[in-house]
Amino acid sequence: MKTTISLIKADVGSYPGHAKVHPDLKIIAEKQLSKAKEDGLIVDFHILAAGDDLELLMGHHRGADNNKVHSLAWDTFKAATKKAKELKLYGAGQDLLSDAFSGNVKGLGPGIAELEFTERSGEPLVAFMMDKTEPGAFNLPVFKMFADPFNTAGLVIDSSCHDGFTFEIWDIQNHQRVFMNSPEEMYDILALIGAKSRYVIKRVYPKKGHPKLPDDEPVAAISTEKLYQIAGEYVGKDDPVTLVRAQSGLPALGEILEPFAFPHLVSGWMRGSHNGPLMPVPFKYSQCTRFDGPPRVIAAGFQVNNAALIGPVDLFNDPAYDITRKKAQEVAEYMRRHGPFEPHRLPLEEMEYTTLPKVMDKLKNRFEKVK
Ligand code: F6R
Ligand code: MG
Ligand code: MG
């Protein structure tokens, strides 16, 4: 029987402002998912929080896109929203964009990453959860894990990784996808995913002929939901999540974590409209405070045991990442000094807040043609 791991998340209210998930919301989620575990709907779960995002991590045998599992997540977010409203938390229910649940949370606001696979004798899994950024923020680290020989030594020296991996890349503006192979098409892959606000890595697969893994079971999955594209207006941040399997023919745990030692620039800081460095932090520092940021990522490590999740280990709770955090602080400081100027502020078409139409309206009779 295959195992499915589902990570489904939403911001259904936080305190103060957009900083942190309130403990009462976690307690509600804990109760709902405990009941589902007792009833046999899911095998195991963990409730996590990344900044203002409530994260439901579930292990089960029902496959990806399962109605019952999605409806459990939806009902849990609904119950948490009710509590958030009672407590007058900030942005209560903000990511639940529709009242009409019809079997699948896709397109309704929550972010989803799911992996369905045949468990190996030892099955390490990492759940990455980001706050104050967008799905494309995973392009650089996921590319490095599975395609960059300077990051992943296994691509060079482990014969079971040596043939590379297949990337499923989505064009999230035109709603189409393409499968591309690395290393053969590496430069073409980078031509797409370097444009991270449009092309995002959705899944990674072993290649045909991988000595240890079937080529039709994903080894990484990224949530690619863009809230403003669903709602047609700015409603909140997309704050993506990713599940990655590790070891035995896949990148080792340390090769999966290594890309985050570089605090690369991502968009989504303050009002979803600024670039800033991505800071890897322990769970306890995932709340975003400085200028509503800087954007952060946490990593929860598990061993999967017949869909039970043994963990979590708080993987960035490690002094080895102090130097990255220091660099992120310096970069944050440097970017902040630009104030309202690009490239700290996003280009016009990517900003989630803008006063420009109003400003232009005011000035419309004062603009003069110039030669
Ligand atoms: C929320 C976020 C924040 C908000 C900002 C303004 O995830 O990124 O930076 O955009 O705090 O929020 P409102 O418009 O709700 O006052
Ligand atoms: Mg919020
Ligand atoms: Mg958030």
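Residues numbered from 1 in each chain as written. Chains lettered and ligands numbered in written order. Predicted model: local features only at pLDDT ≥ 70, side-chain atom pairs only at ≥ 80, totals over all residues. Heavy atoms only, no water.

Undergrad: It is not clear to me how the coordination of the magnesium ion (ligand 2) should be interpreted in this structure. Could you clarify?
TA: Think of it this way: four donors in a tetrahedron around the metal ideally sit 109.5 degrees apart, and six in an octahedron ideally sit 90 or 180 degrees apart. Within the protein, Asp 11 (OD), His 18 (ND1) and Asp 52 (OD) serve as the donor atoms for the magnesium ion (ligand 2), at 2.0 to 2.5 Å. The sequence pattern describing where the donors of the magnesium ion (ligand 2) fall on their chain is D-x6-H-x33-D. A distance of 5.3 Å spans the gap from the magnesium ion (ligand 2) to the magnesium ion (ligand 3), which Asp 52 bridges by coordinating each metal. A residue is classified by how much of its surface remains accessible, and Asp 11, at 2% relative accessible area, is buried. You can call His 18 partly exposed: its relative accessible area is 28%. (Donors = N, O, S within 2.8 Å, 3.2 Å for Na, K, Ca; no water. Buried < 20%, exposed > 50% of the residue type's maximum accessible area, 1.4 Å probe, protein only.)

Undergrad: Any chance you could explain the coordination of the magnesium ion (ligand 3) here in plain terms?
TA: Every protein donor of the magnesium ion (ligand 3) is accounted for by Asp 52 (OD), Asp 53 (OD), Asp 131 (OD) and Asp 239 (OD), and the metal-donor separations fall at 2.0 to 2.4 Å. The motif formed by the donor residues of the magnesium ion (ligand 3), counted along the single chain, is D-D-x77-D-x107-D.

Undergrad: Can you help me understand the domain arrangement of the protein chain in this one?
TA: Much of the literature gives interface size as the accessible area that the parts lose upon coming together. What the domain assignment lists for the protein chain is domain 1 (1–117) and domain 2 (121–359). Here domain 1 and domain 2 have C-alpha centroids that lie 21 Å from each other. The partner domain 2 presents 44 residues to the 38 residues of domain 1 that form the contact. In total, about 3,000 Å² of surface goes out of reach between domain 1 and domain 2, with carbon and sulfur atoms giving 66% of it. The interface formed by domain 1 and domain 2 includes 2 salt bridges. The partner of Lys 132 in a salt bridge is Asp 52, and the shortest N-O contact between them spans 3.0 Å. Of all the secondary-structure elements, those providing two or more residues to the side of domain 1 that touches domain 2 are strand E1 (3–10), strand E2 (44–50), strand E3 (53–60) and strand E4 (111–117). Per element, the largest residue contribution to the side of domain 1 that touches domain 2 is 7 residues, and it comes from E4. (Domains from an automatic or database assignment. Contact = heavy atoms within 4.5 Å. Buried area = accessible area lost by both parts, 1.4 Å probe. Salt bridge = Lys/Arg side-chain N within 4 Å of Asp/Glu carboxyl O. Helix = DSSP H or I, 4+ residues; strand = E, 2+ residues; numbered from the N terminus.)

Undergrad: When you look at the site of ligand 1 in this model, what are you seeing that I'm missing?
TA: In the vicinity of ligand 1 lie 10 residues, with His 18, Tyr 90, Arg 271, Asp 292 and Tyr 353 positioned nearest. Within the side chain of Lys 132, a nitrogen or oxygen atom sits 3.3 Å from an oxygen atom of ligand 1. One of the backbone N or O atoms of Arg 271 is found 2.9 Å from an oxygen atom in ligand 1. When ligand 1 sits alone it has 410 Å² of accessible area, and the protein chains cover 81% of it. (Near = heavy atom within 4 Å. Polar contact = N/O pair within 3.5 Å; in protein donor to acceptor, adjacent residues only side chain to side chain. Areas by Shrake-Rupley, 256 points an atom, 1.4 Å probe, with all protein chains shown as cover.)

Undergrad: Would you take a moment to explain the nonpolar core for this structure?
TA: Generally speaking, nonpolar side chains in soluble globular proteins are found buried as a group. Core analysis: the largest hydrophobic core is formed by 39 residues, its most contacted members being Phe 128, Val 142, Phe 146, Phe 167, Val 204 and Phe 260. With 5 residues, helix H3 (residues 139–147) is the single largest residue contributor to this core. Not counting the four nearest positions on each side in its chain, Phe 260 is found in contact with Phe 128, Met 130, Phe 138, Pro 141, Met 145, Leu 278, Pro 280, Val 297, Phe 316, Tyr 321 and Thr 324. Membership of the second largest hydrophobic core comes to 28 residues, among which are Leu 33, Leu 54, Leu 72 and Ala 84. (Core = buried A, V, L, I, M, F, W, Y, C linked by side-chain atoms within 4.5 Å.)

Undergrad: What is the right way to read the packing of helix H1 (residues 23–38) against helix H2 (residues 67–86) from this model?
TA: Two quantities define a packed helix pair, namely the angle between the axes and the distance from one axis to the other. It is at 9 Å that the axes of H1 and H2 come closest, and there the two elements cross at 150°. The orientation of H1 with respect to H2, classified from their angle, is roughly antiparallel. Handedness of the crossing formed by H1 with H2: right-handed. Side by side, H1 and H2 meet where Asp 24, Leu 25, Ile 28, Ala 29, Gln 32, Leu 33 and Ala 36 of the first sit next to Leu 72, Asp 75, Thr 76, Ala 79, Ala 80, Lys 83 and Ala 84 of the second. Classifying every residue of the contact of H1 with H2 by side-chain character gives 9 nonpolar, 2 polar and 3 charged. (Axes fitted to C-alpha atoms, helices over the stretch in contact; angles between N-to-C directions. Parallel < 35°, antiparallel > 145°, perpendicular 65-115°, else oblique. Left-handed = near helix turned anticlockwise from the far one by under 90°. Nonpolar A, V, L, I, M, F, W, Y, C, P; charged D, E, K, R; others polar.)

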